[in-house]
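What the coordinates show
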Amino acid sequence: DAGITQSPRHKVTETGTPVTLRCHQTENHRYMYWYRQDPGHGLRLIHYSYGVKDTDKGEVSDGYSVSRSKTEDFLLTLESATSSQTSVYFCAMKPGQDTYEQYFGPGTRLTVT
Amino acid sequence: AQSVTQLGSHVSVSEGALVLLRCNYSSSVPPYLFWYVQYPNQGLQLLLKYTSAATLVKGINGFEAEFKKSETSFHLTKPSAHMSDAAEYFCAVSDREYGNKLVFGAGTILRVKS
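A few points on the structure. Along each chain, the written sequence defines residue order, and numbers are assigned to residues from 1. Here chains are named by letter from A upward and ligands by number from 1 upward, in the order in which they appear as written. Two thresholds apply to this predicted model, a pLDDT of at least 70 for residue-level local features and 80 or more for giving and counting side-chain atom pairs, whereas whole-chain, interface and lining totals are computed over all residues. Side-chain numbers come from the whole structure's heavy atoms, not from hydrogens or water.

Thoughts on the pattern of salt bridges
All names here are of chain A. A carboxyl oxygen of Asp or Glu within 4 Å of a side-chain nitrogen of Lys or Arg is what we treat as a salt bridge. All chains considered together, the criterion is met by eight salt bridges over all chains. Lys70 serves as the salt-bridge partner of Asp73, at 3.3 Å between the closest nitrogen and oxygen. A single salt-bridge network, built from bridges that share partners, covers Arg22, Lys70 and Asp73.

Laid out in structure tokens, this is it:
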């Protein structure tokens with residue numbers, strides 16, 4: 001979806017270093033999500049946000065934190081990267097509480113060595 | 001909690017043949033169901049959605065899916081496969097928890113043979 005971008009698209013980092021991934025949307029959507037995609041698991045929710053400064057944990061949140069200081073930006077931070085966090089990370093958005101489909105960014109491929 | 005099962009991690013069809021990708025869901029409430037497609041190195045694109053209106057849902061690129069409550073299924077079909085349909089397909093259900101997160105199946109890779 002052209003209204004949602006992610007940066008960087010690819011990153012290689014070393015174990016133990018902090019990493020921040022950025023999601024940016026231009027649709028003024030209220031809800032934003034971070035998922036990780038691993039083979040055989042589909043996508044799993046890490047954290048989500050339902051407004052500026054309103055965030056909550058998903059099902060695989062250990063080792064991750066998020067921040068949302070503006071409607072358009074949702075940041076995912078790996079506090080101390082581990083090899084198990086090597087994955088493809090997708091950001092998604094949806095307009096409001098009563099909508100259910102989500103629109104996805106292009107993804108960030110993260111490799112932790 | 002909601003869950004999704006996609007039968008067959010890989011499906012291979014000939015160009016021009018029927019495409020059938022299977023999805024079964026588990027939900028304690030009336031579900032909202034989706035099919036997404038992912039091309040290599042790209043994000044997920046919404047193909048179609050079921051939100052309790054018509055049980056036969058038409059999507060983009062000639063795909064459609066039928067919601068069958070009695071079978072808890074939401075199979076994806078396309079009458080005639082095209083080479084450009086080769087991709088990975090994900091079925092998903094909206095969960096009332098976690099801000100209406102999507103619960104995804106493991107995905108089905110569709111291969112189209114010429």
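Back to the write-up after that little detour.
Some details on the nonpolar core
In this description, a nonpolar core means a group of buried Ala, Val, Leu, Ile, Met, Phe, Trp, Tyr and Cys residues linked to one another through side-chain atoms lying within 4.5 Å. The buried label goes to any residue with under 20% of its type's maximum accessible area, the exposed label to any with over 50%, and the partly exposed label to all in between, with areas taken from a 1.4 Å probe on protein chains only. Residues Trp35, Leu48, Leu76 and Tyr89 of chain B are the most contacted members of the largest nonpolar core, which totals 28 residues. Put simply, the parts of the chain that give this core at least two residues each are strand E2 (10–14), strand E3 (19–26), strand E4 (33–38), strand E5 (44–50), strand E7 (64–68), strand E8 (73–78), strand E9 (87–94) and strand E11 (108–113) of chain B. We call two residues in contact whenever any of their non-hydrogen atoms come within 4.5 Å of each other. Apart from the residues lying within four places of it in its own chain, the contact partners of Tyr89 of chain B are Gln6, Leu21, Trp35, Tyr36, Val37, Leu47, Phe63, Leu76, Gly107, Thr108 and Leu110 of chain B. In terms of nonpolar packing, the next biggest core, distinct from the first, is built from 20 residues, Leu45, Val88 and Ala92 of chain A together with Phe34 of chain B among them. Helix and strand definitions follow DSSP, with helices as H or I runs of at least four residues and strands as E runs of at least two, each counted in order from the N terminus.

Quick look at the side chain of Ser73 of chain B
All names here are of chain B. Considering the arrangement of structural elements, one finds Ser73 in strand E8. With relative accessibility at 2%, the residue Ser73 sits in the buried group. The contacts of Ser73, once residues within four sequence positions are left out, are Cys23, Asn24, Tyr25, Glu66, Phe67 and Lys68.

Description of the pairing of E11 of chain B
Residue and element names in this part refer to chain B. Only one face of E11 is buried: it carries Thr108, Leu110 and Val112, and the other face, with Ile109, Arg111 and Lys113, is open. Relative to E11, E2 runs parallel, the two sharing five bridges. Looking across to E11, one finds that Val13 is bridged to Val112. Note on pairing: two strands pair once DSSP finds at least 2 bridges between them. The sheet contact formed by E9 and E11 spans three bridges and is antiparallel. Bridge pairing in E11 links Tyr89 to Thr108.

Focus on the sheet that holds E7 of chain B
All names here are of chain B. With antiparallel pairing, five strands are arranged side by side in an open sheet as E1-E3-E8-E7-E6. Here the strands that pair on one side only, and so sit at the sheet edges, are strand E1 (3–7) and strand E6 (56–58). Neighbour-to-neighbour, the strand axes of the sheet open up by a mean angle of 20 degrees, direction not taken into account. Sheet analysis places E1 next to E3, joined by five bridges and oriented antiparallel. The axes are straight lines fitted to the C-alpha atoms, using for helices just the contacting stretch, and the angles between their N-to-C directions are given from 0 to 180°.

Considering the interface of chain A and chain B
Contacts between the two partners involve 25 residues from chain A and, on the opposite side, 20 residues from chain B. Buried area adds together the accessible area that both of two parts lose upon being put together, with accessible area traced by a 1.4 Å probe. A per-residue breakdown of the area chain A buries against chain B is headed by Tyr100, Glu101 and Phe104 of chain A, which together make up 33% of the total. Counting the contacts that link chain A with chain B gives two salt bridges. Here Glu101 of chain A makes a salt bridge to Lys49 of chain B, at a shortest N to O gap of 2.6 Å. Any pair of nitrogen or oxygen atoms within 3.5 Å is treated as a polar contact; in protein, a donor-acceptor pairing is required on top of that, and neighbouring residues in sequence qualify only through side-chain atoms on both sides. Counting across the chain A and chain B interface gives six residue pairs in polar contact (both at pLDDT 80 or more). Counting residues per element, the ones that place at least two in the side of chain A that touches chain B are strand E4 (31–38), strand E5 (42–51), strand E9 (87–94) and strand E10 (103–104) of chain A. In this classification, the charged set is Asp, Glu, Lys and Arg, the nonpolar set is Ala, Val, Leu, Ile, Met, Phe, Trp, Tyr, Cys and Pro, and all remaining amino acids, among them Gly, are polar. A per-class count over the side of chain A that touches chain B returns eleven nonpolar, eight polar and six charged.

Topic: the state of the cysteines
Cysteine sulfur atoms are paired as a disulfide whenever they fall within 2.5 Å. For the coordinates displayed, the defined rule picks out two disulfides over all chains. Disulfide pairing is shown between Cys23 of chain A and Cys91 of chain A; the S-S distance is 1.9 Å. Across the S-S bond linking Cys23 of chain A and Cys91 of chain A, the dihedral sits near -75 degrees, which makes this disulfide left-handed. Of the two residues, Cys23 of chain A sits in strand E3 (residues 19–25) while Cys91 of chain A sits in strand E9, which places them 68 residues apart along the sequence. Using a relative accessible area of 0% as the deciding quantity, one classes Cys91 of chain A as buried. Note on cysteine connectivity: Cys23 of chain B is disulfide-linked to Cys91 of chain B, with sulfurs 2.0 Å apart. Disulfide Cys23 of chain B to Cys91 of chain B: torsion about the S-S bond roughly -65 degrees, handedness left-handed.

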